[in-house]
Amino acid sequence: MLTNEQFRALFEPRGVVVAGASSHPGKFGFVSLHNLLAGGYQGKVFATNLSGEEILGIQTVPSILDLPDGEIDLAFVCTPASTNQQLLRDCAERGIRAAFLTSAGYGEAGDEGRAAEEALVALAEELGILIAGPNGQGVVSTPVQLCAQIVAPNPPPGRIGVASQSGNFVSSFMNYGVQSGIGFSRGVSAGNAAMATVADYLDFYAADDATSVALAYVEGLTDGRAFIDRLRSVAERKPVVLLKGGATSGGQRAAASHTGSLATDDKVFDGACRQAGVTRAATVEEAFEAAASFATQPLPKGNRVVVLTTAGGWGVVTADALSRTSLELIDLPDDLLAQIDTKLPPRWSRNNPVDLAGGETRDTIPEVMEMVASHPDVDAIIYLGLGIQSNQAKLMRDGRFYPDHGLERIVEYHERQDRRFAEAAAEISDRTGKPILTATELAITDPDNAGPAAVRASGRLCYPSSNRAVTALDHMWRHARHHARRS
Amino acid sequence: MYATSTLSETDSKSLLAGFGVPIAQERLAADADGAAEAAVAIGFPVVVKLNGDAIAHKTERGLVRLGLGDEAAVRTAGQELLAKATSDDGEVQLLVAPMVRGSRELIAGLATDPQFGMTVMLGVGGILAEAIGDVVLRLVPITEIDAEDMIDDLGTQKLLGEFRGEPPVDRAALVSVLMGLSAAAEADDRIVSADLNPLIVSDGRPIAVDALVEVRS
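Only a predicted model underlies this, so the values are computations on that prediction, with no experimental measurement involved.

Turning our eyes to something else, we now look at the overall build of chain B. Counting its regular elements, chain B contains seven helices and eleven strands. Against the 2.2 N^0.38 benchmark of 17 Å for 217 residues, chain B shows a C-alpha radius of gyration of 17 Å, consistent with a compact globule. A total of 217 residues make up chain B; the buried ones form 52% of that total. For chain B, the share of sequence-separated contacts (at least 6 apart) that also reach a separation of at least 24 residues comes to 63%. A total accessible area of about 9000 Å² is found for chain B, and carbon and sulfur atoms account for 51% of it. Distance between charge centroids for chain B: 5 Å, based on 17 positive and 34 negative side chains.

Here it is in C-alpha cells:
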C-alpha cells in the first residue's frame with residue numbers, strides 16, 4: 001500500500017541523492033544531476049559515484065551509506081539494474097522513502113527482467129520505499145523547484161499535475177507549458193509502473209493542494225474497469241484530462257449481436273470516460289490545452305457563447321466550429337444589441353459573432369467585452385483579433401522608415417492597445433467568473449507580439465486558433481455539465 | 001472465451017420485458033391457421049416471423065414477413081416460413097405481432113467488453129446502423145443521468161426531435177429502455193449480449209419489435 005508520505009518524499013523531498021552520478025555529460029548520471037542543480041532545487045543535493053569524483057561542484061561518495069542519515073528523502077537512481085537491490089537496502093538505512101529508477105533491464109526486457117522487477121518491488125514493499133519507474137525519465141515538482149529528469153524541459157510553475165506512461169509525453173506536455181507559459185505543479189513518468197501506476201499518481205494529485213487539474217497519458221490498459229473506477233474518484237475532486245494511445249487489449253468479443261459489433265473499443269472507452277466525468281482528448285495539444293483551460297479559466301455555468309471578433313471570416317469559421325460541439329452560439333438578446341449599438345457604427349454585424357467591423361475606437365473592445373460578459377444570458381466569450389495592430393507595428397518597427405514619420409508613436413500605441421485588450425480579457429473574466437478565451441495564430445507565429453505576450457503575462461493561455469479555443473471550451477462545458485447534473 | 005447460445009425471440013423479449021423494456025404485443029402459433037387466428041385477435045396489419053432458440057438473424061435469412069393485411073396473407077406467409085426451417089433450427093413456431101409503424105429506428109442493447117465488462121448501448125438503427133456507427137455506450141450499471149447523457153451524446157440529434165410529422169422521441173421512455181437493459185444485465189449474469197433491433201419510434205414512443213439475448217450456455 002502506497003502512502004501519502006511516500007509520495008511526499010517523491011515530490012517534496014528534503015534532500016535528493018543522485019545514485020550513479022557520472023562526470024560524462026552524455027550520461028543520465030550527469031544529466032540528472034545537472035538538471036537538478038541547474039533547476040535551482042531548494043533542498044540538499046548529494047551524489048554517489050564509485051570513484052568518488054567531484055561532479056558539477058558536488059563531492060560524490062562511493063555509497064549511500066557514506067551520506068548523513070535523515071536528510072535525504074529521494075534517491076534518483078541511474079545505476080545498472082544488477083546493483084539496485086543493495087542500493088535500496090542502503091536507501092532504507094538512511095531513511096530514504098522514495099526512489100525514482102531510470103534503470104532499464106526490468107519488465108520491458110523479457111522474462112528475466114520481469115522477475116528482477118518483481119523481486120525489486122517485493123524488497124521495496126518490505127523496506128517501505130516507493131519505487132517510481134523503473135525505466136522512467138524522472139520527476140518534476142515546481143513548488144520545491146525539483147527537476148530530477150534525464151530530459152528537458154524544466155517547466156514553469158503552475159497548477160497542472162501530469163502523470164504519463166510514456167516519459168516523452170511528460171516532455172511534450174511540458175514543452176507546451178514552456179511555450180505558452182501555462183505551468184505545472186508536478187510531473188512524473190511512470191516508466192514500467194512496477195509499483196506506482198498512473199492511477200496512483202493521479203490519486204495523489206487529487207488530494208494535492210498544489211495541483212488543480214490532472215493530466216495523464218496511458219496506453220495498453222490491462223483492467224479498464226478498475227482504471228476508470230479510480231479515475232472517477234479523482235474526477236469527482238478535480239478535472240482529469242486523459243490522452244490514450246493504442247487500442248485496448250483483450251480478446252475477441254461476442255459477436256452474435258449487432259450491439260457487440262457496434263461496441264468498438266474506442267466507443268466503449270469514450271463512454272466510460274464520459275460516465276466517469278473524465279475529459280478525454282484526441283491529441284496531445286488538445287489534452288494540454290484542455291488542462292491549461294481548467295487550470296486558468298473559470299468553468300462556464302452554461303453553454304451560451306458569444307464570439308467577439310474584429311474581422312468577419314474568423315467569426316464565421318468559429319461559428320462553424322461551435323456548431324460541431326455541445327456549445328451554443330446564441331442570438332444576441334435585444335438589450336445587449338441596444339447596448340452594443342451605442343458603441344459601434346451602424347455597419348457592425350448586429351448578431352453573433354459580434355463583428356466589430358473595424359468600427360472600434362480606443363476603448364471599444366474592452367467596453368463591448370464588458371457588456372457581453374456582464375449579460376446574464378452569456379456564459380462564455382471567445383475573443384478573436386488580438387495582436388493584428390501589433391503585427392503591423394512590428395512591420396513598421398523593422399522597416400527602414402522607423403522611427404520617423406510618426407512611426408514610433410503609432411507602434412507604441414498599437415502595442416499598448418493590444419496589451420490592454422489582453423489584460424481586459426483576463427480582468428473581466430476574473431470579475432464576472434466567466435471564461436474568456438483569446439485565440440490568434442500569432443500565439444505561435446509571433447509569440448513576442450504584444451497581444452499574445454500580454455495574454456501569457458496575465459496567466460492565461462492564448463489559443464493558437466479559434467477552433468482549438470472552441471474545443472477547449474467544449475471540454476470545460478462538458479465537465480461543468482457532468483458535475484452540475486450530478487450535484 | 002466461453003460458449004454462448006441465443007434465446008428465441010419470444011424468450012428474449014419476455015426476459016427483457018421483465019425489466020420494463022417496451023415490447024410490441026405478440027402471440028405464438030404452432031401453424032399457419034393458428035397464426036391467422038392470432039392475427040385476427042391482434043388486428044391487421046401484422047408481422048409474421050419464424051421463432052426458435054437457434055434462430056438469430058431473421059432478416060438476413062428472409063424469415064420475416066411484414067405488413068400482412070388479411071388472414072389469407074398470414075396463412076400463406078406462415079406456410080412459407082415453416083417450410084424454410086432447417087433441421088439446425090430445432091423446434092420452431094410462428095410469431096405474430098402488430099405492424100409497428102414509425103419512420104425512425106434506433107438500436108439499443110448490451111455487450112460484454114473484454115476490458116470494461118458489461119456495457120449498455122444506444123444507437124441509430126435500421127439497415128445502415130453499422131455503416132453509420134452513431135452509437136454511444138456506458139458501463140453497467142447506469143444511472144438515469146447517464147441514460148440522459150447517452151441520448152444527448154448521439155450524433156444524430158435531429159432524429160430525436162419532431163420528425164416527418166411524428167412527435168419528438170419520448171426521452172423518459174427511452175431512458176427507461178436503457179435503465180431496463182442495465183437492470184437486466186445486473187440481475188442476470190448469464191447475459192453476454194442483447195439487441196433491441198430495431199427499436200422503432202412509433203408516435204414518439206420507442207418499442208422493440210425484435211429482441212435477441214445471448215447467454216452463457
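Moving on, we get to the domain arrangement of chain A. Residues and elements named next belong to chain A. When cut into domains, chain A gives domain 1 (1-144), domain 2 (155-296) and domain 3 (298-486). If you average the C-alpha positions of domain 2 and of domain 3, the two centres end up 30 Å apart. If you look at the interface, domain 2 gives 23 residues, while domain 3 gives 19 residues. Here domain 2 packs against domain 3, burying approximately 1600 Å² in sum over the two surfaces, 56% of which is carbon and sulfur.

Listed per partner, the contact involves 40 residues of chain B and 34 residues of chain A. Here chain B and chain A share an interface that buries about 3100 Å² over both sides, 53% of which is from carbon and sulfur atoms. For A:R274, the salt bridge identified is with B:D153, shortest N-O distance 2.8 Å. The interface formed by chain B and chain A includes 14 residue pairs in polar contact (both at pLDDT 80 or more). Those elements giving two or more residues to the side of chain B that touches chain A turn out to be strand 6 (104-113), strand 7 (117-124), helix 5 (129-132), strand 8 (135-139), helix 6 (144-153), strand 9 (191-202) and strand 11 (211-216) of chain B.

A separate point is empty space enclosed by the protein. Residue and element names in this part refer to chain A. Going through the model one piece at a time under the given rule, you end up with one cavity of 30 Å³ or more. Every residue along the wall of the largest cavity is listed here: Q297, A422, A425, A426, S429, I436, T438, V455, S458, R460 and L461. Among the elements of the structure, helix 15 (407-432) and strand 19 (436-439) are those that each provide at least two residues to the lining of the largest cavity. Across the lining of the largest cavity, the residue classes tally to six nonpolar, four polar and one charged.

Moving on, we get to unusual backbone geometry. Here the amide bond leading from A:A152 into A:P153 is cis, since omega sits at -5°, within 30 degrees of zero. Within the fold, A:P153 resides in the loop between strand 9 (146-149) and strand 10 (157-164). A cis amide bond links B:N197 to the next residue, B:P198, at an omega of 5°. Among the secondary structure elements, B:P198 is positioned in strand 9. One non-glycine residue, A:Q145, adopts positive backbone phi at about 55°. Relative to the helices and strands, A:Q145 is located in the loop between strand 8 (138-141) and strand 9. For A:Q145, a relative accessible area of 36% translates into the label partly exposed. Even without being glycine, B:R164 reaches a positive phi, approximately 45°.

So, on to the layout of surface pockets. If you add up the space inside the largest pocket, you get close to 920 Å³. Around the largest pocket, the lining comprises 34 residues; the ones closest to its centre are A:R274, A:T325, A:S326, A:D474 and A:R478. If you list the elements that add at least two residues to the lining of the largest pocket, you get strand 13 (240-245), helix 9 (265-276), strand 14 (279-281), helix 11 (312-323) and helix 18 (466-486) of chain A together with helix 6 of chain B. The element that contributes the greatest number of residues to the lining of the largest pocket is helix 18 of chain A, accounting for ten residues. Its residues assigned to classes, the lining of the largest pocket shows eight nonpolar, twelve polar and 14 charged. Looking at the second largest pocket, its volume works out to about 780 Å³.

Attention now goes to the side chain of A:S103. Looking at the secondary structure, you find A:S103 in the loop between strand 6 (98-101) and helix 4 (110-127). What A:S103 contacts, discounting residues up to four positions off in sequence, is A:V77, A:T79, A:A81, A:N84, A:P134 and A:N135.

We now examine the pattern of salt bridges. This structure, assessed with the given rule, holds 45 salt bridges over all chains. The salt bridge partner of A:R431 is A:E370, with a shortest N-O separation of 2.8 Å. In this pair, A:R431 sits in helix 15 while A:E370 sits in helix 13 (residues 364-374), placing the two residues 61 residues apart along the sequence. Among the residues examined, A:R431 registers a relative accessible area of 46% and is labelled partly exposed. In this structure, A:R397 engages A:E415 in a salt bridge whose closest nitrogen and oxygen atoms are separated by 2.7 Å. Pair noted here: A:R397 is in helix 14 (residues 388-398) and A:E415 is in helix 15, with a separation of 18 residues, a long-range link. Take A:R397: its relative accessible area is 36%, and that puts it in the partly exposed class. Beyond isolated ion pairs, a larger network of salt bridges with shared partners links A:R485, A:R486, B:D146, B:D149, B:D152 and B:R171.

Looking at the secondary structure, you find B:D134 in the loop between helix 5 and strand 8. No salt bridge is formed by the buried B:D134; its nearest oppositely charged neighbour, A:K267, is found at 5.8 Å. A distance of 2.9 Å separates a polar side-chain atom of B:D134 from the backbone nitrogen of B:G155. When near neighbours in sequence (up to four residues on either side) are disregarded, B:D134 contacts B:L122, B:G123, B:V124, B:L154, B:G155 and B:T156.

Our focus in this paragraph is the packing of aromatic side chains. Residues and elements named next belong to chain A. Under the definition given, this model contains twelve aromatic pairs over all chains. Seen in terms of ring centroids, F7 and F204 are 5.5 Å apart; in terms of plane orientation they differ by 20°. Their pairing is stacked. Note that F7 is positioned in helix 1 (residues 4-11) and F204 in helix 6 (residues 198-206), a separation of 197 residues in sequence. A residue is classified by how much of its surface remains accessible, and F7, at 5% relative accessible area, is buried.

Residues and elements named next belong to chain A. Pairing is parallel in the open sheet, where five strands are placed in the order 2-1-5-6-7. Looking at strand neighbours, the two that pair on one side only are strand 2 (44-48) and strand 7 (130-132), the edges of this open sheet. Each adjacent strand pair in this sheet contributes to an overall mean axis angle of 20°, direction not counted. As defined by bridge partners, strand 5 (residues 74-77) adjoins strand 6 across four bridges and the pair is classed as parallel. Residue pairing for strand 6: A75 is matched across the bridge by A99. Sheet strands in contact with helix 3 (residues 84-93) are strand 1 (15-19), strand 5, strand 6 and strand 7, and its direction is about 165° off that of strand 5.

Residues and elements named next belong to chain A. A sheet is described by the order of its strands in space; here seven strands give the open sequence 9-8-11-10-12-13-14, paired in mixed fashion. Looking along the sheet, the strands with just one partner apiece sit at the ends: strand 9 and strand 14. Geometrically, the sheet is characterised by an average inter-axis angle of 20° between neighbouring strands, direction not taken into account. Taken together, the six bridges between strand 10 and strand 11 (residues 184-189) define a ladder with parallel strand orientation. Residue pairing across strands places V162 opposite G187, the latter belonging to strand 11. Contacting strand 13 and strand 14, helix 9 crosses the sheet at an angle of about 145° to strand 14.

Rules used throughout
- Residues numbered from 1 in each chain as written.
- Chains lettered and ligands numbered in written order.
- Predicted model: local features only at pLDDT ≥ 70, side-chain atom pairs only at ≥ 80, totals over all residues.
- Heavy atoms only, no water.
- Helix = DSSP H or I, 4+ residues; strand = E, 2+ residues; numbered from the N terminus.
- Rg over C-alpha atoms; globule rule 2.2 N^0.38 Å.
- Buried < 20%, exposed > 50% of the residue type's maximum accessible area, 1.4 Å probe, protein only.
- Contact = heavy atoms within 4.5 Å.
- Areas by Shrake-Rupley, 256 points an atom, 1.4 Å probe, with all protein chains shown as cover.
- Lys, Arg positive; Asp, Glu negative; His and termini not counted.
- Charge placed at Lys NZ, Arg CZ, Asp CG, Glu CD.
- Domains from an automatic or database assignment.
- Buried area = accessible area lost by both parts, 1.4 Å probe.
- Salt bridge = Lys/Arg side-chain N within 4 Å of Asp/Glu carboxyl O.
- Polar contact = N/O pair within 3.5 Å; in protein donor to acceptor, adjacent residues only side chain to side chain.
- 1 Å grid on protein atoms, 1.4 Å probe; cavity = no way out; pocket = protein on both sides within 12 Å on 5 of 7 lines; lining within 4 Å.
- Points joined across faces, edges and corners; volume = space filled by probe spheres on them.
- Nonpolar A, V, L, I, M, F, W, Y, C, P; charged D, E, K, R; others polar.
- Phe/Tyr/Trp six-rings, centres within 6.5 Å; stacked < 30°, edge-to-face > 60°.
- Pairing = 2+ DSSP bridges.
- Axes fitted to C-alpha atoms, helices over the stretch in contact; angles between N-to-C directions.

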